[in-house]
Amino acid sequence: MFFNSHLKPILPGLVVTLLVALASKLAEHAERMLFGRGWVESLVFAILIGVVVRSLFGLAPRYFAGVQFCAKTVLEIAIVLLGASISAQAIGSAGGELVAAIIAVVCISLFVSYHIGRALGLSNHLSMLVACGNSICGNSAIAATAPVIEAQSDDVAASISFTAVLGVLFVFVLPMLHAGLGLSATQYGIFSGLTVYAVPQVLAATAPAGTLAVQVGTLVKLIRVLMLGPVIFGLAVIGGRARETKLPIAQVVPWFIIGFIAMMVACSFDLIPDVARAPIKTTSSFLTILAMAALGLSVDIRNVLHVGGRVVFAALLSLTFLCALSGVVLVVLAQGN
C-alpha cells in the first residue's frame, strides 16, 4: 500500500534522475583520468547532462513527479545535512554587516530590476515577477509572488522560462569569473550567494572553489531566500490585499532553512559525533548531485524561444546590475575588515 501510494508515482523519475547523476560522476571520473584533474565538477555535469537529455528527448509526464521530488525534497534534505559541515567561526567574521548587505542588495535590486522591465515596455506584473525572480530566489519567488499581484499565467510562464535557462547558463559562467578576478573563497561565496538565482545553482557554482565557498554561498543565499516573506507581505500591503494574503510559515521560513540552521548550531557546539560527520558529508554531496540532475531535467532550452526578446533583455540587464551591486558589496566589506 505504501509503495503504491507514495513510491510508485515518483519511481520512474527517480530512476532517470539517478541515471543522470551517475553519468555525471562517470563524466567527472573520465575527466580526471584524461586530464589529471577535474575542471568541471560532477554537480555541473549533472545539470548539463540533465539539460541535454530534457532538451533533446523531452520528458514524458510519468517522470515529472520523481524529477520534482529530487529537485525539491531531496535538495532540501541535502541542504539540511550541509549545515553539519558549516564552520560558524569561519563565516561569522562578517556578522551583521553581511546580513545588512544582503537585505540592501535585495531591496535595491528589486527596485532597479522592476524599473528596467517597465522602461523596456514590460507590463507591471511581468516587471515585478522578473524583479522578484532576479532579486530573491528565481522560480520560487515568482511562484510565490504571482498570486499576490494577480499575475496572468502567461506572465508567470515567461518569467519562469528566463529564470530556468538564464540561471543554468550563469552557473557555467560564474566559475570563470572566480578564476579571472582572483577572488578568495569567502568573497566568491558571497558573490555567488548574492547573484545566483536558486539554492542548487549556488551549490553548483561554488563547488569548483572549494568547501568554504560552498558554505558561505549557501548561507548567503538562504538569508536572501528569507527575504521572500517580507517582500510578499510588502507587495500585498502596496496592493491593498494584506488581509486577503495568507503567508504560511513554510513560505516565510522554509523548513529546510530551519533544519540547516539547527545543524549549523549543532556543528558549532560539537553536538555531532565525529564518526557521523564523514557519512553526513558524503550523503549530502550525493543528494546534491541527484538534485542537480533533477534541476537539469527540469530545464528545456527550447522554452527560451517562446520568451519575448524584451523579457530576456530585461533579465540580462537586471542580472548585470545585480552582479555590479554585489561587486560593490565585496569592496565595502573588504574595506570594513
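Residues numbered from 1 in each chain as written. Predicted model: local features only at pLDDT ≥ 70, side-chain atom pairs only at ≥ 80, totals over all residues. Heavy atoms only, no water.

(A) Focus on helix α2 (residues 42-57). Under the 1.5 Å per step criterion, the end-to-end length of α2 is 22 Å for 16 residues, consistent within 8% with the ideal 22 Å. Buried within α2 are the following residues: S42, L43, V44, F45, A46, I47, G50, V51, R54 and S55. Directly after α2, the chain includes G58, whose backbone phi takes a positive value near 75 degrees. (Helix = DSSP H or I, 4+ residues; strand = E, 2+ residues; numbered from the N terminus. Expected span 1.5 Å × (residues − 1). Buried < 20%, exposed > 50% of the residue type's maximum accessible area, 1.4 Å probe, protein only.)

(B) A look at the packing of helix α9 (residues 185-195) against helix α10 (residues 199-206). With their axes 9 Å apart at the nearest point, α9 and α10 run at an angle of 150 degrees to one another. It follows that α9 is roughly antiparallel to α10 by the angle criterion. α9 and α10 meet at a crossing whose hand is right-handed. Facing α9, whose interface residues are Y188, G189, S192 and G193, α10 presents V202, A205 and T206. Of the residues belonging to the contact of α9 with α10, the class tally is three nonpolar, four polar and no charged. (Axes fitted to C-alpha atoms, helices over the stretch in contact; angles between N-to-C directions. Parallel < 35°, antiparallel > 145°, perpendicular 65-115°, else oblique. Left-handed = near helix turned anticlockwise from the far one by under 90°. Contact = heavy atoms within 4.5 Å. Nonpolar A, V, L, I, M, F, W, Y, C, P; charged D, E, K, R; others polar.)

(C) Focus on the environment of G121. Relative to the helices and strands, G121 is located in the loop between α5 (95-119) and α6 (124-137). Residue G121 is classed as partly exposed on the basis of its relative accessible area, which comes to 44%. It is 7.7 Å that separates the C-alpha atoms of G121 and R310, two residues lying 189 residues apart in sequence.

(D) Fine view of the pattern of salt bridges. In this structure the tally under the stated criterion is five salt bridges. Of the charged contacts in the structure, one is a salt bridge between E28 and K25, with a shortest N-O distance of 4.0 Å. Here K25 and E28 lie together in helix α1 (residues 2-35), a separation of three residues that amounts to about one turn. Assessed through its relative accessible area of 38%, K25 is described here as partly exposed. Salt bridges here are not isolated pairs; linked through shared partners, they connect K25, E28 and R32. (Salt bridge = Lys/Arg side-chain N within 4 Å of Asp/Glu carboxyl O.)

(E) Looking closely at the packing of helix α3 (residues 64-82) against helix α14 (residues 255-268). Where α3 meets α14, the axes come as close as 7 Å, and the angle between the chain directions of the two elements is 20 degrees. As the angle between them shows, α3 and α14 are arranged roughly parallel. As α3 runs across α14, the sense of the crossing is right-handed. In this structure, α3 uses E76, I77, I79, V80, L81 and L82 to contact α14, whose residues at the interface are W255, F256, G259, F260 and M263. The residue inventory of the contact of α3 with α14, partitioned by class, reads nine nonpolar, one polar and one charged.

Keep in mind these numbers describe shape, not what the thing actually does.
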